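# An overview of the molecular structure
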Amino acid sequence: MDNLKVKKIMPLQTGVSGRGEWKSREVILEEKDERVQYPNQYLVRFTGDRVNMVDTIKEGDTVTCHWSARVREFRTRDGRDMATQELNGWGVKIETV
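Residues numbered from 1 in each chain as written. Predicted model: local features only at pLDDT ≥ 70, side-chain atom pairs only at ≥ 80, totals over all residues. Heavy atoms only, no water.

## Examining the packing of aromatic side chains
- In this structure the tally under the stated criterion is 1 aromatic pair.
- Relative to W67, the ring of Y42 lies with its centre 5.2 Å away and its plane at 40°, an arrangement referred to as tilted. On the criterion of sequence distance, the pair formed by Y42 in strand β4 (residues 41-47) and W67 in strand β5 (residues 62-75) is long-range, its members being 25 residues apart. (Phe/Tyr/Trp six-rings, centres within 6.5 Å; stacked < 30°, edge-to-face > 60°. Helix = DSSP H or I, 4+ residues; strand = E, 2+ residues; numbered from the N terminus.)

In structure tokens form, the structure reads like this:
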């Protein structure tokens, strides 16, 4: 998706799981459309080696970002079926004017 404003870059997160070390970084992107009072926002997570892509952008930049969406279904402890959606980033670059 193109013509997105970098609203916020979250800090790098790291840890260790059963599969080894992991790292991720999230970016909040906002659609740039002055005709809309409340533009859509997207929380995109970059993981592994892709977190380095976030170093090439800064808050306020206009970017093109590519991601894939994944829905994760789960059941809560009290038996309710729930779902959440994740946007996994795999490319981001600053738009040239």
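## A few points about the side chain of D61
- With respect to the helices, strands and loops of the structure, D61 is situated in the loop between β4 and β5.
- A distance of 2.9 Å separates a polar atom in the side chain of D61 from the backbone nitrogen of K58.
- When residues no more than four places from it in sequence are discounted, the contact partners of D61 are L4, K5, V6 and I94. (Polar contact = N/O pair within 3.5 Å; in protein donor to acceptor, adjacent residues only side chain to side chain. Contact = heavy atoms within 4.5 Å.)

## Quick word on the environment of R50
- Here R50 shows up in the loop between β4 and β5.
- Measuring from C-alpha to C-alpha, the distance between R50 and E95 comes to 19 Å, with 45 residues separating the pair along the chain.
- Other than its neighbours up to four places away in sequence, R50 contacts G89 and W90.

## Observations regarding the pattern of salt bridges
- For the coordinates displayed, the defined rule picks out 8 salt bridges.
- In this structure, the salt-bridge partner of E86 is R70, at a minimum N-O distance of 2.9 Å. With a gap of 16 residues between them, E86 in strand β6 (residues 81-94) and R70 in strand β5 connect regions that are remote in the sequence.
- A relative accessible area of 45% means that R70 is categorised as partly exposed.
- In this structure, R80 and D78 form a salt bridge, with 3.2 Å as the shortest nitrogen-oxygen distance. (Salt bridge = Lys/Arg side-chain N within 4 Å of Asp/Glu carboxyl O. Buried < 20%, exposed > 50% of the residue type's maximum accessible area, 1.4 Å probe, protein only.)

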